[in-house]
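# Fold and geometry: a report
Residues per chain are reported as follows:
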Amino acid sequence: MFVYLSKKIAIPNNVKLNCIAWNKEQGYIAVAGSEGLLKVLKLEQSQNGQNKGALAAVSNLSMNQTLDGHKDAVRVVTWNDSQQKLTSSDTDGVIMVWMLYKGSWYEEMTNDRKKSTVTGMHWSSDGAKICIVYEDGAIIVGSYDGNRIWGKELKNTKLTGVQWSPDNRLILFSLGNGECHLYDNQGNFALKLSIQCVSLSSNRSFNVAALCWFSGRISCARPILAICYELGRIQIMKNENDETPIIFETLMRNVDAEWNHNGTVLAICGTLNEMSASKEINQVCFFTPFGNLIRTIKIPGNEITSVSWEGSSLRIAMAVDSFIYFANIRPDYVWCYFEKTVVFLNSNTLKNSAIDVITFWNTTVNQSFLKEVEPALCMAASNDHCVICVECLNSNIKDIALESFERKGNDDKCYQLLLCNSIGTTVDSKYTDIKPNFVAINSNYVVIASNCEFLIWHYYTPKSASTVHVAKPRKEKRFHIDDTPTGVEMSKDLIITASSNIKYEDEFEDPICALALSEKLLLIARESGVINEYSVPNVALRNRHKMSTKALKMAINCNSTRAAIIDQYGVMTLLELDDNRDTQLNFSRVERKDVWAICWAKDNPLLLSLMEKTRMYIFRGNDPEEPISCSGYICAFEDLEITSVLLDDIISGGETQNPVSHILQLRVKSLRDTDDLLQHVGLEDAKQFIEDNPHPRLWRLLAEAALKKLELDMAENAFVRCANYPGIQLIKHLRNIPTEILKNAEIAAFYGEYEEAEKLYIDADRRDLAINLRITLCDWFRVVQLYRMGSGISDQQMETAWLQIGNHYANLRVWENAKEYYDKAHNIEGLMNALYNLEQFDELEQCIQKLPEKSPLLTKMAEMLASVGMCSEAVNAYLKFGDYKAAIDTCVNLRQWGKAVDLAQKYKMPEVNALLDKHAAQLIKEDRIPEAIELKKNAGQYLDAARLLMKLAERESEKRSNLLRIKKLYVLAGLLAEEYVKNITYNQNIDRNSLLNSMNPEEAYTIERIWHCAEGYHFMLLAQRQLQFGVIHNAVITALRLREYEDVLKLEDIYSLLALASAADRSFGNCSKAFMKLESLDYLPKKTLQEYEELAAKIFAKHEPVDDKVENVQCYSCDKALPDGSITCDNCTARFPPCISSGKPITQPTNNIWICGTCHHCAAPMEITRHRTCPLCHSLIVSMTLEI
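Computed from a predicted model, the values in this text were never measured in an experiment.

### Some thoughts on a negative patch on the surface
A cluster of like negative charges, contributed by Glu1079, Glu1091, Glu1093 and Glu1094, occupies part of the molecular surface. The greatest single-element share of the negative patch, amounting to three residues, is contributed by helix H32 (residues 1086-1102). With respect to the helices, strands and loops of the structure, Glu1094 is situated in helix H32.

Set out below in structure tokens:
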């Protein structure tokens, strides 16, 4: 931060000033003094141009109003920013409140207590309440509208000051004996602050000069409550309960103090003691919240009485005797500039946030990129990249980094260096335990320095990595400032690992205070005034230079022969670094005061720009040019132009960055004079001036002016002098052009004046040259317009133009327009891309017909269609191209195995079956049987899929799952098996029974087994359903049928159901047989067998084991009468098939019966009429036609 006096205002009649207050919102300045003086002033604000921000020029007063009302000396003034009110008080105790009305200030209300003098007034942060304290101990809290809220009198207590807490819950009072007491906002005593900077006692008191409690937002837990004692002691606390405050001394008699707008700087004004040898005894010291002195400014006069910040903290006002002094503040922003990009740390970080936001602002296109980082400490930039130094707070990242340093502790800190490009992308990074107080960067290395150490890091970028043929380890070297490196270690490509790093103490007697780096040299300055000069990249100590003061900023010129140095007092001197010269400071030739920024030209080692207060000076060697009024920060100095940015408006002012408003392009005097000579004198005089002051930029200006006047010889000479090869080629081309108008057109096109060049071509009736110009510029819209202005344009030329316009819209991803122009150009490839991105896949499919066979675009088309799951269409495209393997692979990738197998069989590619089997085996191994079943089914391997379904059903049966679920699985397996049979019968043209007799016995058995299992579970469910609905006798018949499925169902389930149904039907003969079977099951537990025996004994103790009623049916073969539940005839062994609807045996199968066309199971005609689907396989009954 740099501070310099900028303005002085004298008060008439030499009235002594007592206090000053600057309104933070509207910018009004209130000053008060003896004889009842109270004035309100306001400085003009410059709104545009390079004087924007009111720093570059002396500001005039836009308001100078004297407020009459006080009779005696005014002691206290304070602003209510939110309510636009001014409150003042004099030694008589008269309090007056002033309000703004129609641009002037008027008295709103007055309060005259007439008992004591007001020693302090302070508004709450929201402007709703004011607290007033009197010397006699009286306290009054009132509202902004004048109403008294509460009052209190502290007996025998002298009050000297008051402050509200940031949340307005507490009020802090300073007492005459130096104590500070805290009350709540209702007037109740809370606590007495712990004062540690002075030793308070009943016999010894200290006067409190100022209380400052910052009420704004803070980005971290830093101290905000400052208590300033008159004797020079300062105590800064984080809050009212802080037991470890920051304590320091100012070495002067403190008078007043105030925080800046964001609480980062505390300004303390006072006077030096009488023993001081300095003539100027008044001074303002600027401290950080941690007590570090930033800057001191001397103020002329006898006695300074008050100090106040401007709202944006870019200026500060001081009341001294009968004068108001203004000083400009040039903050040390965290920022840098490279590749037309301004990189800066945003000031609007959220409260207590551990994340900083870095803005990368491209000034060419006015586009910004934001990058969130951990707390940023500093940054620097080179030609193509910038480095940002951050402190690692993330515990995980910090632990990993500290482990790499082979040490870990709670107090250890870790830092990261982020190498970024112009859009904020990190291209390289490094962790270190050296705190980067200072950083510098060149095209290959980054140098950081702490108090006593510095690290040189060789970074890599994607561009540099691509040029490295042999991978080399990264080089990094760490030195102590007292070391004398010779560069030998670096030449041996040694890597200094973390284990060899030596940790030095932070407290160092002669710490590092500044750093500068060029392509050849490294300068490191120490507070003692010693400047170490090292060579780069082989770090060797070349020289030590000695200054009488502490250096704050340094910069090295482009050829590393000179360095510019700004010391702690703002004095800039030059240091000669050339080995052929005497390496001593050149104090006699160049020495400038109040300098706060320096920048060497990138292309001329003698050109130096510097900021001296609000003026920019350009030095050519040791001679300065005329200054330019400017308040911007210097970004770059190149090509005789200085780029400056108004960081105050962007960062402190909070304005939205705009290149027109915030970027200044300032030209050096030689460039301005050359322009003036070319415009008003002539080419010869301008040429002579440029020869006396040679620079490529000036020769280019002369060449342009000569070309505009068609002075080809002079233009060629100028192009040669500035080594402009394209310009020389232009001159050769112009000598072969016969007409002047065409020469002017070529010159206009060379300098980018394309509209003028086109107009000249048209005027010369050379529309073809205008078209070629626009084609070169890729301005195809204008090319089409020029085509239409005349005749003789072929369809091919128009299609080329349409194609390029389509490409333009495709690059912009405006696919509708791209589709339109691709269609006009008959460009199938572009049309395909547009349709694909528009997701118009139906039209995309139609493009297959537009392409000839073997067209390479068919492959691209197939890939597009396959990517959206359009398998058939993609296969058609591959087949049209002739790539059968790709077509099959597409089917496999999209799980269309059936189509893949068909194509493989058609084109004789059997490897698909092997792939299919391998994939299915893998699914089965991973226990993904349903997916394997789907895979087999889609591939047309129905019988294999049926086997897997059967396996799945058996697994469910073992788990005792729901019977209906098991039946469904078996039925699904049966349906797949029937599909397999159906395909074979269709291909071989034979009936089902003949096929089953002729096929592989294992396959035939599998098919029959599947239906056999399905029948078992079907009849089990049917018997239970019949029993539930009271069809008892039918349930007995169905249960008797279950005896055929003992290999499928559990025996206990079959005979338990049979016993139950028979007992209910009073068929005790069948019931007895069922119990006998149950009692013979030796695998059942003994307890279960005993229960069955006891139950049978109870039943047959009451009933004879004989069926009460027996219904007979006649055998269709031998006509013998049989029980209606018989499965076979015991006479002729004829078998009776079951009815799948009722479970009854069909004793007359030769008569009309119904047979399912899907599962081929039969049913009685009368029974099936009650169903719409087959009771077993649930396929739809299309016809009730009875089959014989």
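### Remarks on the packing of helix H7 (residues 683-692) against helix H8 (residues 696-708)
Between two packed helices, the angle of one axis relative to the other and the distance separating the axes together describe the packing. Relative orientation of the contacting elements H7 and H8 amounts to 165°, with a least axis distance of 10 Å. By the angle between their directions, the pair H7 and H8 is classed as roughly antiparallel. The interaxial crossing formed by H7 with H8 has left-handed handedness. Residue-level contacts link Leu683, Ala686, Lys687, Ile690 and Glu691 of H7 to Leu698, Trp699, Leu702, Ala705 and Ala706 of H8.

### Describing the side chain of His385
Here His385 is to be found in the loop between strand S33 (376-381) and strand S34 (386-391). Residues within four places of His385 in sequence aside, it is in contact with Phe338, Leu419, Cys420, Asn421, Val427, Ile441 and Thr461.

### Examining the sheet that holds strand S43 (residues 530-535)
In spatial order, the strands read S41-S42-S43-S44; together these four strands make up an open sheet with antiparallel pairing. A single partner strand is all that each edge strand has here, and the edge strands are strand S41 (512-517) and strand S44 (540-546). If you compare each strand with its neighbour and ignore which way they point, the axes differ by 20° on average. Pairing between S41 and strand S42 (residues 521-526): five bridges, direction antiparallel. In the sheet register, Leu515 faces S42, and the bridge partner there is Ile524.

### A word on the pattern of salt bridges
Under the defined criterion, the tally for this structure stands at 52 salt bridges. The partner of Glu230 in a salt bridge is Arg253, with the nearest N and O atoms 3.7 Å apart. One end of the pair, Glu230, is in the loop between strand S19 (225-229) and strand S20 (233-237); the other, Arg253, is in strand S22 (residues 253-259), with 23 residues separating them in the sequence. By relative accessible area, Arg253 is classed as partly exposed at 32%. Salt bridges sharing partners connect three or more residues here, namely Glu755, Glu758, Arg774, Asp779 and Arg782.

About the thresholds
Residues numbered from 1 in each chain as written. Predicted model: local features only at pLDDT ≥ 70, side-chain atom pairs only at ≥ 80, totals over all residues. Heavy atoms only, no water. Patch = residues over 30% accessible without salt bridge, like charges linked within 9 Å, V, L, I, M, F, W, Y side chains within 5 Å. Areas by Shrake-Rupley, 256 points an atom, 1.4 Å probe, with all protein chains shown as cover. Salt bridge = Lys/Arg side-chain N within 4 Å of Asp/Glu carboxyl O. Lys, Arg positive; Asp, Glu negative; His and termini not counted. Charge placed at Lys NZ, Arg CZ, Asp CG, Glu CD. Helix = DSSP H or I, 4+ residues; strand = E, 2+ residues; numbered from the N terminus. Axes fitted to C-alpha atoms, helices over the stretch in contact; angles between N-to-C directions. Parallel < 35°, antiparallel > 145°, perpendicular 65-115°, else oblique. Left-handed = near helix turned anticlockwise from the far one by under 90°. Contact = heavy atoms within 4.5 Å. Pairing = 2+ DSSP bridges. Buried < 20%, exposed > 50% of the residue type's maximum accessible area, 1.4 Å probe, protein only.

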